[in-house]
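The lines below spell out each chain.
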Amino acid sequence: MKKKMFAVLMAACMTVSVFGSVVTASAADGVTLTLYGNADDLAKPYMQKIISLWEESSGNKIDQQGLDTDNAETIALTKFTTGDIPDLYIHFGNSNLKNFNPEENFVDWSDADWVSDIQDSVLPQATYNDKVIGLPFWEASNSGCFYNTKIFEELGIKQPTTQEEFNAACDTLLENGVQPIYLAAADAWPILYQFALDPVLEEHPEYIEKLNAGEMSYADIPEFTDMCTWFKEAADKGYFGKNFASDTWDYTSEVLGTGEAAMLFCWDTWFDTDYDSESYDYVGDDFGIMPVFMGTCDEGTYEGGNVNLMLVNKNGDNVEAASDFVNFMADPENYNQAFDGVSTAAVFKQETTNVNSAQYDGNKDSVDKLIRASSAQPKIVGFNQQEGGKALLQLMNGDISVEECVKLIDDDRVATLESFAQ
């Protein structure tokens with residue numbers, strides 16, 4: 001896979017292979033590619049680094065057009081609808097990609113050499129209708145249940161490996177005056193119920209197809225009911241404390257740092273980027289990672305990162321140069337320069353310069369064994385982390401039943417699915 005990029009500036013036609021060879025500039029001044037993307041995403045240091053490296057190597061340029069952060073996808077969709085399609089487009093690999101007609105507009109990379117270098121927990125997000133339609137080039141993380149190793153050790157609690165052992169650990173913590181889990185339920189999204197669904201969807205990928213085709217509902221998935229039941233029972237037992245309904249994400253560091261709560265559903269890079277190790281008794285390295293147990297998978301699960309994709313307009317005038325840029329990004333020598341020192345899980349199998357979290361390094365075998373690709377959020381059309389969290393909060397508060405909760409979440413999904421169809 002490794003190859004050196006070089007530019008021969010000459011007034012000649014470009015020579016290129018979409019899947020991996022070298023581009024030479026078609027004119028003395030090179031080619032200028034247009035790139036649309038969320039302005040904040042484009043500003044990431046590793047994005048600027050890889051763009052700079054390619055421009056220097058190829059003699060070509062990239063015109064970066066950062067779209068308003070809050071409305072980037074809407075703006076891009078308007079441009080695409082009017083035929084204003086850039087050479088390159090950055091899109092978060094989720095179900096909304098359907099709006100951009102990927103099979104009609106973007107290069108199919110299924111046969112590219114670099115596909116085999118993408119982590120198994122990431123590759124599904126780059127796939128649309130069984131075709132690899134973009135390069136995942138982004139920060140990643142390992143999501144799981146983070147626990148205070150010191151508190152566990154003091155109370156003689158071993159790291160749980162089954163749902164039963166996890167529930168028993170929560171009971172022991174409660175008996176010793178420690179809130180088992182901090183759940184910022186007032187904000188809804190931190191309930192992170194997608195973690196419970198990823199292993200189910202891995203075992204039953206047909207569920208995604210049937211849900212998106214309107215052929216089944218969440219009520220038809222037994223594990224969805226199991227998940228809701230677990231949240232209700234956990235709340236009733238006190239696993240989330242007495243004030244979960246008013247708890248917000250802003251206080252996460254404080255509650256964990258003081259030892260008020262022992263566990264958190266989260267992603268590992270949060271401990272490097274957001275956790276306040278300096279203000280409290282427990283620092284980031286005092287926390288380990290173990291699987292998430294939410295009533296659907298007895299051995300537990302970890303979730304891989306959600307990533308942006310670099311997409312190439314296959315109908316544009318500069319498809320050869322744009323494809324060369326993507327191949328350049330996928331070269332280990334180049335992406336290792338771009339991600340050097342960045343706190344992230346590796347998206348590529350040959351990525352070595354990134355900085356893994358202490359939590360991942362401390363339980364690598366377990367994470368590697370049980371990690372699943374993020375599937376519910378990016379693949380189910382209408383999946384809504386915020387609205388689903390709100391419904392689960394109503395359930396935990398006792399305002400609705402499990403059956404009503406399942407239906408409420410599904411109705412929200414169906415409404416979005418129908419709007420897509422229109």
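Structure: above.
Residues numbered from 1 in each chain as written. Predicted model: local features only at pLDDT ≥ 70, side-chain atom pairs only at ≥ 80, totals over all residues. Heavy atoms only, no water.

Thoughts on the environment of cysteine 405
Okay, step 1: On the secondary structure map, cysteine 405 appears in helix 18 (residues 402-421).
Okay, step 2: Remark: the alpha-carbon pair of cysteine 405 and leucine 392, spanning 13 residues in sequence, is separated by 6.5 Å.
Okay, step 3: In this view, cysteine 405 contacts Cys228, Ala391, Leu392, Leu395 and Ile400; residues no more than four positions away in its chain are not counted. (Helix = DSSP H or I, 4+ residues; strand = E, 2+ residues; numbered from the N terminus. Contact = heavy atoms within 4.5 Å.)

A word on the pattern of salt bridges
Okay, step 1: Tallying each qualifying case throughout the model produces 12 salt bridges.
Okay, step 2: The salt bridge partner of aspartate 120 is lysine 349, with a shortest N-O separation of 3.7 Å. With aspartate 120 in the loop between helix 4 (102-105) and strand 4 (127-128) and lysine 349 in the loop between helix 13 (332-338) and helix 14 (358-362), this residue pair connects regions lying 229 residues apart in the sequence.
Okay, step 3: Under the relative-accessibility criterion, aspartate 120 is labelled exposed at 58%.
Okay, step 4: Via salt bridges that share partners, Glu202, Glu299 and Arg372 belong to a single interconnected network. (Salt bridge = Lys/Arg side-chain N within 4 Å of Asp/Glu carboxyl O. Buried < 20%, exposed > 50% of the residue type's maximum accessible area, 1.4 Å probe, protein only.)

Focus on helix 6 (residues 163-175)
Okay, step 1: The end-to-end C-alpha distance of helix 6 is 19 Å, a good match for the 18 Å that 13 residues give at a rise of 1.5 Å each.
Okay, step 2: When we look at burial in helix 6, the residues that qualify are Gln163, Phe166, Asn167, Ala169, Cys170 and Leu173. Taken down its axis, helix 6 places every buried residue within 155° of arc, on the same side. Residues of helix 6 that are exposed and point over 90 degrees away from its buried face: Glu164 and Glu175.
Okay, step 3: Each element contacted by the buried residues of helix 6 is listed here: strand 7 (143-148), helix 5 (149-154), strand 8 (179-182), helix 9 (222-237), strand 9 (261-267) and strand 10 (287-290).
Okay, step 4: Looking one or two places after helix 6, you find glycine 177, whose phi comes out positive at around 80°. (Expected span 1.5 Å × (residues − 1). Arc of directions from axis to C-beta.)

Considerations on the sheet that holds strand 2 (residues 61-67)
Okay, step 1: A sheet is described by the order of its strands in space; here five strands give the open sequence 2-1-3-12-6, paired in mixed fashion. Every other strand in the sheet has two partners, leaving strand 2 and strand 6 (135-136) as the edge strands with one partner each.
Okay, step 2: In the packing of helix 2 (residues 45-58) onto the sheet, the strands contacted are strand 1 (32-38), strand 2, strand 3 (88-92) and strand 12 (308-312), and the crossing angle to strand 2 comes to about 155°. (Pairing = 2+ DSSP bridges. Axes fitted to C-alpha atoms, helices over the stretch in contact; angles between N-to-C directions.)

Brief notes about the packing of helix 2 against helix 12 (residues 319-329)
Okay, step 1: It is the contact of helix 2 with helix 12, at a shortest axis distance of 10 Å, that shows an interaxial angle of 120°. What the angle tells us is that helix 2 and helix 12 run oblique. With respect to the hand of their crossing, helix 2 and helix 12 are arranged in right-handed fashion. From helix 2, Ile50, Ile51, Leu53, Trp54 and Ser57 reach across to helix 12, where they touch Ala321, Asp324, Phe325, Phe328 and Met329.
Okay, step 2: For the contact of helix 2 with helix 12, the per-class residue count stands at eight nonpolar, one polar and one charged. (Parallel < 35°, antiparallel > 145°, perpendicular 65-115°, else oblique. Left-handed = near helix turned anticlockwise from the far one by under 90°. Nonpolar A, V, L, I, M, F, W, Y, C, P; charged D, E, K, R; others polar.)

What about the environment of serine 217?
Okay, step 1: Within the fold, serine 217 resides in the loop between helix 8 (206-212) and helix 9.
Okay, step 2: Since its relative accessible area comes to 18%, serine 217 is described here as buried.
Okay, step 3: Between the C-alpha atom of serine 217 and that of isoleucine 409, which follows or precedes it by 192 residues, the distance is 10.0 Å.
Okay, step 4: Setting aside its immediate chain neighbours within four residues, serine 217 contacts Leu211, Asp410 and Arg413.

Side note on the pairing of strand 12
Okay, step 1: Within strand 12, five of the five residues are buried, leaving the element largely enclosed by the surrounding structure.
Okay, step 2: Burial along strand 12 is two-sided: Asn308, Met310 and Val312 facing one way and Leu309 and Leu311 facing the other are all buried.
Okay, step 3: Note: strand 6 against strand 12, two bridges, orientation antiparallel. Residue proline 136 lies in a different strand from strand 12, and its bridge partner there is leucine 309.

Focus: the side chain of asparagine 313
Okay, step 1: Structurally, the position occupied by asparagine 313 is in the loop between strand 12 and helix 12.
Okay, step 2: Exposure remark for asparagine 313: the relative accessible area of 6% places this residue in the buried category.
Okay, step 3: A polar atom in the side chain of asparagine 313 sits 2.9 Å from the backbone nitrogen of asparagine 315.
Okay, step 4: The residues contacting asparagine 313, other than those within four sequence positions of it, are Ile85, Pro86, Asp87, Asn105, Phe106 and Val319. (Polar contact = N/O pair within 3.5 Å; in protein donor to acceptor, adjacent residues only side chain to side chain.)

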